[in-house]
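# Observations on chain architecture
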Amino acid sequence: MTLHRLPLHDEHTRLGARMAESDGWLLPLEFGGAFKEYQAHRRRSVVWDSSSLGRVRVSGAGAFEAVQRTFTNDLRRTRPGRSQYTFLLSPDTGGVVDDLMVWWVRDEEFVLTPSRPDAVLDALRNTHAEGTAGPCDIEDVSAGRVLLALQGACATDELAALGVDPAGLPHSAVCEVVLDGHPARIATTGFGRQVGFELDLPVAVARSVYRRLVDAGVTPAGLAMRETHRLEAGIPRPGYELGPSISPMEAGGSRLVALGTEFVGRAALIARTRRGLDRVLRAVVMDTREAPPAGGALLRHGHAVGRVTSGNYAPRLHRGLGFAFVRPDIGVGSAVAVDGPRGELGGRISAVPVDPEVAL
């Protein structure tokens, strides 16, 4: 299988990135080591390339209705100049086909960042065909663009050094700016509980911006560092804690579902919810630094009560940390064991995200 390469692939290899395959893409796994990149994110700032995400533009008089009636969240909770996290569901199962950010750029224009752009494009076009709100252009605008994430304690200062004034930008803001003479978009984020920004740029500008950031001391980061922060921040990942067989309620995403609105998969989700939940997403904090293995059975008093979906070492906790789907009756604080390749590992069930003061 031929792997897709990022537009800045050569920049990453020039900086010594160790590459890895992920969802059909060849992506940087780490540069100077995942732990060093983790520390840089906490203490200063990092930059990583999120261009494997698609960019879908929805514009025109019918744009609001198309987006509103396709995804689970309610656009009326936000406004132009802001972003919103949401789900695309399967109409058959009510499970999560994709999770994505919706950037509401202006009144009749939205930019979406899905990991499965083809599925999102099909869903939007079907919704628009059934709508009555007017014309709407739905197009994949990923080609020729780069999505950079600038994150960390000093990200605001680093953005200002690029000539963009971040003052007054609230969380989840979206704005249009000019960088090196080219139009660009910036969204504020909070990945890993740190201040940060996503920069949607033309390739020509992205290359120079990326180099300026790295030359100024911003640490390039890869998938390994992001995976650690993802677990600590309690963010589910498609293919692991999100998927067509997993409902938003099971994955802890009920706040992103506005059941009072119409969206793709609503009927299937309601029917599934009425049957009750037989599993919920929880964190597993290990007794040692060893990470719980993905796929490992979760045991309580010798009986299987769930299964680990993701695991890693968590520097904030100085422990192994994982996600697992468990029976709803297994409460937070319950002692469990994870069946690993070298025997059983002790741990404890925790809420998602983990509060270190409670978990330890």
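First, a word on what this report is: a plain description of the structure on this page. (Residues numbered from 1 in each chain as written. Predicted model: local features only at pLDDT ≥ 70, side-chain atom pairs only at ≥ 80, totals over all residues. Heavy atoms only, no water.)

### Considerations on the packing of aromatic side chains
In this description, an aromatic ring pair is defined by two values, namely the gap between the centres and the angle between the planes. Per the stated rule, a full pass over the model turns up four aromatic pairs. Following the ring pairs from residue to residue traces out a cluster consisting of Phe64, Trp104 and Phe110. It is Arg279 that lies over the ring of Phe325; its NZ or CZ is 5.0 Å from the centre. (Phe/Tyr/Trp six-rings, centres within 6.5 Å; stacked < 30°, edge-to-face > 60°. Lys NZ or Arg CZ within 6 Å of the ring centre and 35° of its normal.)

### Thoughts on the pattern of salt bridges
Counted under the stated rule, the structure contains 24 salt bridges. The closest approach of N and O atoms between Glu232 and Arg42, which form a salt bridge, is 3.1 Å. In this pair, Glu232 is assigned in helix α7 (residues 223-233) and Arg42 in helix α2 (residues 34-43), connecting sequence segments 190 residues apart. You can call Glu232 buried: its relative accessible area is 3%. The salt bridge involving Glu250 is made with Arg272; its shortest N-O contact spans 3.1 Å. One end of the pair, Glu250, is in the loop between α7 and α8 (266-274); the other, Arg272, is in helix α8, with 22 residues separating them in the sequence. You'll find Glu250 and Arg272 in the same group, each marked buried. Through salt bridges with shared partners, one network takes in Arg55, Arg57, Arg106, Glu109, Glu139, Arg145, Glu176, Arg185 and Asp200. (Salt bridge = Lys/Arg side-chain N within 4 Å of Asp/Glu carboxyl O. Helix = DSSP H or I, 4+ residues; strand = E, 2+ residues; numbered from the N terminus. Buried < 20%, exposed > 50% of the residue type's maximum accessible area, 1.4 Å probe, protein only.)

### Focus on the pairing of strand β4 (residues 46-49)
Neither face of β4 is left uncovered, since the one carrying Val46 and Trp48 and the one carrying Val47 and Asp49 both have all their residues buried. Judged from the four bridges that link them, β4 and strand β10 (residues 145-151) form a sheet pairing that is antiparallel. Looking across to β10, one finds that Val46 is bridged to Gln151. With two bridges connecting them, β4 and strand β14 (residues 219-220) associate as parallel partners. Across the sheet, Val47 pairs through a bridge with Pro220, a residue of β14. (Pairing = 2+ DSSP bridges.)

### Points about the pairing of strand β6 (residues 82-89)
In the case of a regular strand, side chains alternate between the two sheet surfaces. Counting buried positions along β6 gives seven out of eight residues, so the element sits mostly inside the fold. Where β6 lies against strand β7 (residues 96-106), eight bridges are found, and the strand directions are antiparallel. Bridge assignment links Thr86 to a residue of β7, and that residue is Leu100. The turn joining β6 and β7, which pair antiparallel and follow one another in sequence, is formed by six residues; a positive phi near 75° is taken by Gly94.

### Quick notes on the nonpolar core
In terms of nonpolar packing, the biggest core is built from 26 residues, with Leu148, Leu159, Leu179, Ile186, Leu199, Leu201 and Val209 touching the most fellow members. Elements that contribute at least two residues to this core include exactly β10, α5 (155-161), β11 (174-179), β12 (182-189), β13 (196-202) and α6 (203-215). It is α6 that provides the largest number of residues to this core, a total of six residues. For Leu179, the residues in contact, after removing those within four places along its chain, are Leu162, Val164, Ala184, Leu199, Leu201, Val205 and Val209. (Core = buried A, V, L, I, M, F, W, Y, C linked by side-chain atoms within 4.5 Å. Contact = heavy atoms within 4.5 Å.)

### Some remarks on the sheet that holds β10
Across the sheet, six strands lie side by side as β11-β12-β13-β10-β4-β14; this open sheet has mixed pairing. Of all the strands in the sheet, the pair left with one neighbour each is β11 and β14. Sitting on the sheet, α2 is in contact with β4, β10 and β14, with an inclination near 120° to β4. Each of β4, β10, β11, β12, β13 and β14 is contacted by α6, which is oriented at about 140° to β13, the strand it contacts most. (Axes fitted to C-alpha atoms, helices over the stretch in contact; angles between N-to-C directions.)

### Considerations on the sheet that holds strand β3 (residues 25-30)
Across the sheet, three strands lie side by side as β1-β3-β2; this open sheet has mixed pairing. With partners counted over all chains shown, the strands left at the sheet margins are β1 (4-5) and β2 (18-22), one partner each. Judged from the two bridges that link them, β1 and β3 form a sheet pairing that is parallel. Directly across from Arg5, in β3, lies its bridge partner Leu26.

### A word on the environment of Arg226
For Arg226, the position within the fold is in helix α7. Between the C-alpha atoms of Arg226 and Ile349, which are 123 residues apart in sequence, the distance is 23 Å. With residues near it in sequence (within four places) discarded, Arg226 still touches Trp48, Asp49, Ser50 and Phe191.

### Quick notes on the side chain of Ser59
By the element assignment, Ser59 lies in strand β5 (residues 56-59). Residue class for Ser59 comes out buried when judged on its relative accessible area of 9%. Only 3.3 Å separates the side chain of Ser59 from the side chain of Arg57, close enough to count as a polar contact. Excluding anything up to four places from it in sequence, Ser59 contacts Glu108, Glu109, Pro135, Cys136 and Asp137. (Polar contact = N/O pair within 3.5 Å; in protein donor to acceptor, adjacent residues only side chain to side chain.)

### Some words on the environment of Gly32
Assignment of secondary structure puts Gly32 in the loop between β3 and α2. Residue class for Gly32 comes out exposed when judged on its relative accessible area of 51%. Along the backbone, Gly32 and Gly222 are 190 residues apart, and their C-alpha atoms lie at a distance of 9.4 Å.

Read these as layout, nothing more, since geometry by itself doesn't imply function.
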